[in-house]
Amino acid sequence: MQRRSFLKSSSVAALAASASVAQAQIVPPFKRQPRIAVGGIASECSTYSRIRARMENIRILRGDAVLNDERFSFLQRYSVPFLPTLVANAGSGGPIARDAYEAIKAEYLQRLRALLPLDGVYLPMHGALFVEGMQDAEGDWYAATRAVVGPDCLLSASYDLHGNISQRIVDNLDAITAYRTAPHVDRVENTMRATDMLTHCLRYGIRPGIVWATIPVGLAGEQSSTEWDPGRRLWADLSEYNRQPGVLDVSQLVGYVWADEPRSAASVVVTGIDPAAQARIAAELAQRYWDARREFKFGSPTGSIEECIAKAVALPTKPVVISDSGDNPGGGGNADQTIFLQAIQKAGVKNVLLGGMTDRPATDACYAAGVGKTIPLSVGATLDPVESRPVRVNATVQYLSPATDPDEREAVIAFDGITMTLATTRRNYHAAEAFRSLKLEPTDFKIVVLKCGYLHPTMKPLANPHLMALSPGAINQDIPNIENRNRVPTFPWVQDLRYAPRPYRSTRFQRA
């Protein structure tokens, strides 16, 4: 079934000299059925984390399982078939183990070779992949892909807003697009822009190129949400830039600040066929972002763990939702630190819901005991015993999820006026439904502590109010004071840094 292209907002006449806007709306058939592969690897890797993602921690979809997965069901809407290789996803966490990455890449390339010849490849990526002993892992993946498919095949990638860009990445891709919202509510639109560009260019015989401007600014995602200014203002008009002649896509990325590597920075990437126009747009947006660098701020009141707890206790409202931001698994945190739990116990606070503790031994012990049993437990610090210490409690098992897979087990325990969720593997407890599925109602508690940063859209209206604790961890929000060994000079580490945008035109563009 053919579908309406997101590219209809672009000037199709400028992108395809042989097709007027009216002709483009008819959507002519391909001159021949193109062969388009799909495959990639995605993870958001904090180099400050001591845990490693190994093969058993990485979810891999192979062959038809890719097309049957909910995330890629939109590919079936196109009139041209997509040929799947594999898609690997390690979520957010520490670096990927080198042997795991090399094994996945080798299998991907083998599957890619089996599909040759190819006209295009869609690469569903994230942009913050870090592999042990390697700089610029995405660049390595694209270079390996290019070596297999050859110079004439078009490569189009979709990115997270918190992806990092490098010259090697730009030189191997033909098109790229990224989320425009944080929290990310435009996942489907973003991925479809990447595949729209690919199918559109193959339909009309267009060879696009990328112009990239790096911006030496390192910001936490919690400072750069698009729900408040300046993020809201800076991302609001990107679709208007997309309408300019010769432009396929304009994307602006915050970057991933917890990857200490040279490419870690904000950036603007413009895909199209008019390098002069693309360079003008990239320079304009990069300068605008740079000029706003001191405006970025957290969207909620912040403080230390102890300050946030004291403020929550003093407030007459409930639930006061506090983010344990440094241990957020959704951004690369470990989700097993007990620093917040220790502070709550020390303050003697009751009627607290603490969500998101990862502890396989404790969770399994709850399943062995059963609902209603009170048992001694050692909680937390099983993934990283250096960052915090385990806490010993006598806990009553309140609920066990009906999981058949041991990796999917979840338990609810209660002790000392604290209700806590446990899980065998790292997962996000950000949405209200994550608690309601465990028979917990967040609004029943005086204080709700979440291992997250900014709030999920379902939790935001429940928070009364929301506070963000600047807690330690693998994604410490105290950006100016985190270790910085490998970056180029970057704000805010260098406060008086001078900068002027210098857009870079990809070698692919120069070749065309």
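Reading the values: the criteria
Residues numbered from 1 in each chain as written. Predicted model: local features only at pLDDT ≥ 70, side-chain atom pairs only at ≥ 80, totals over all residues. Heavy atoms only, no water. Core = buried A, V, L, I, M, F, W, Y, C linked by side-chain atoms within 4.5 Å. Buried < 20%, exposed > 50% of the residue type's maximum accessible area, 1.4 Å probe, protein only. Contact = heavy atoms within 4.5 Å. Helix = DSSP H or I, 4+ residues; strand = E, 2+ residues; numbered from the N terminus. Polar contact = N/O pair within 3.5 Å; in protein donor to acceptor, adjacent residues only side chain to side chain. Pairing = 2+ DSSP bridges. Axes fitted to C-alpha atoms, helices over the stretch in contact; angles between N-to-C directions. Phe/Tyr/Trp six-rings, centres within 6.5 Å; stacked < 30°, edge-to-face > 60°. Lys NZ or Arg CZ within 6 Å of the ring centre and 35° of its normal. Parallel < 35°, antiparallel > 145°, perpendicular 65-115°, else oblique. Left-handed = near helix turned anticlockwise from the far one by under 90°. Nonpolar A, V, L, I, M, F, W, Y, C, P; charged D, E, K, R; others polar.

K.L.:
What am I meant to see in the nonpolar core here?
P.N.:
By size, the foremost hydrophobic cluster in this structure holds 48 residues, and its most contacted members are Ile96, Val121, Leu123 and Tyr159. Non-local contacts of Val121, meaning those with residues more than four positions away in its chain, are made with Ile36, Ala37, Tyr108, Leu112, Val149, Cys153, Leu154, Leu155, Ser156 and Leu198. Counting residues in each nonpolar core, the second largest holds 35 residues, with Cys308, Val320, Cys366 and Ala395 among its members.

K.L.:
It is not clear to me how the environment of Gly326 should be interpreted in this structure. Could you clarify?
P.N.:
Along the polypeptide, Gly326 turns up in the loop between β11 (320–324) and α12 (339–347). As for Gly326 and Gly453, which are separated by 127 residues in sequence, their C-alpha atoms are 8.0 Å apart. With sequence-adjacent residues up to four places away left out, Gly326 is seen in contact with Gly333, Ser471, Pro472, Gly473, Ala474, Ile475 and Asn476.

K.L.:
What is the right way to look at the side chain of Gln252 in this model?
P.N.:
One can find Gln252 in strand β8 (residues 247–253). A polar side-chain atom of Gln252 sits 3.2 Å from the main-chain carbonyl oxygen of Leu234. Setting aside residues up to four positions removed in sequence, Gln252 forms contacts with Leu161, Tyr179, Leu234, Trp235, Leu238, Ser267, Val268, Leu285 and Tyr289.

K.L.:
How should unusual backbone geometry be read in this particular structure?
P.N.:
Apart from glycine, the bulk of residues carry a negative phi angle, and the bulk of peptide bonds sit in the trans form. The omega torsion of the bond from Ala182 to Pro183 falls at 0°, within 30 degrees of zero and hence cis. Within the secondary structure, Pro183 is located in the loop between β6 (175–178) and α7 (187–204). Residue Pro492 is bonded to the preceding Phe491 through a cis peptide linkage, with omega at 15°. You can see Pro492 is positioned in the loop between β18 (466–469) and β19 (504–505). With a phi angle near 65°, Ala335 is a residue other than glycine that sits in the positive phi range.

K.L.:
I tried to follow the sheet that holds strand β5 (residues 154–159) on my own but got confused; where do I start?
P.N.:
Within a sheet, adjacent strands bond to each other through the backbone by hydrogen bonds, running parallel or antiparallel. Read across the sheet, six strands follow the order β2-β3-β1-β4-β5-β6 without closing on themselves; strand pairing throughout is mixed. Every other strand in the sheet has two partners, leaving β2 (59–62) and β6 as the edge strands with one partner each. This sheet shows a mean twist of 10° between the axes of neighbouring strands, independent of strand direction. Two strands pair when backbone bridges link them, and strand β1 (residues 36–45) and strand β4 (residues 120–124) are joined in this way by three bridges, in the parallel orientation. Residue pairing in the sheet places Ala37 in a bridge with Val121 of β4.

K.L.:
Can you walk me through the environment of Gly372 in this structure?
P.N.:
Relative to the elements of secondary structure, Gly372 occurs in the loop between α13 (360–369) and β13 (374–379). Taking the C-alpha atoms as reference, Gly372 lies 64 Å from Asp152; in sequence the two are 220 residues apart. Residues in contact with Gly372, not counting those within four places in the same chain, are Thr396 and Val397.

K.L.:
What am I meant to see in the packing of aromatic side chains here?
P.N.:
Two measures describe an aromatic ring pair: the distance that separates the ring centres and the angle between the ring planes. For the structure shown, the criterion picks out nine aromatic pairs. Aromatic side chains Trp290 and Tyr499 sit 5.0 Å apart centroid to centroid with 50° between the ring planes, which places their arrangement in the tilted category. Note that Trp290 is positioned in helix α10 (residues 275–291) and Tyr499 in the loop between β18 and β19, a separation of 209 residues in sequence. For the pair shown, Trp290 and Tyr499 are each scored as buried. The rings of Tyr101, Tyr108 and Trp141 are connected pair by pair, giving a single aromatic cluster. Sitting over the face of the ring of Trp290, Arg293 holds its NZ or CZ atom 3.9 Å from the ring centroid.

K.L.:
Explain the packing of helix α4 (residues 98–114) against helix α5 (residues 137–149) to me, please; I cannot follow it from the model alone.
P.N.:
When two helices pack together, their arrangement is given by the angle between their axes and by how far apart the axes lie. The geometry of α4 relative to α5 is characterised by a closest axis approach of 10 Å and an angle of 25° between their N-to-C directions. The pairing of α4 with α5 is recorded here as roughly parallel in orientation. In the crossing of α4 with α5, the sense of the turn from one axis to the other is right-handed. On the side of α4, the interface is formed by Tyr101, Ile104, Lys105, Tyr108, Leu109, Leu112 and Arg113, while α5 contributes Ala137, Asp140, Trp141, Ala144, Thr145, Val148 and Val149. Grouping the amino acids of the contact of α4 with α5 by side-chain chemistry returns ten nonpolar, one polar and three charged.

K.L.:
Looking at this structure, how should I read the pairing of strand β3 (residues 82–93)?
P.N.:
Side-chain positions along a regular strand alternate between the two faces of the sheet. Counting buried positions over the twelve residues of β3 gives ten, a clear majority of the element. Bridging between β1 and β3 involves nine bridges; their strand directions are parallel. Note on β3: the bridge partner recorded for Val38 is Pro84. For β2 and β3, the ladder comprises four bridges, and the chain directions are antiparallel. Along β3, the bridge assignment pairs Arg59 with Asn89.

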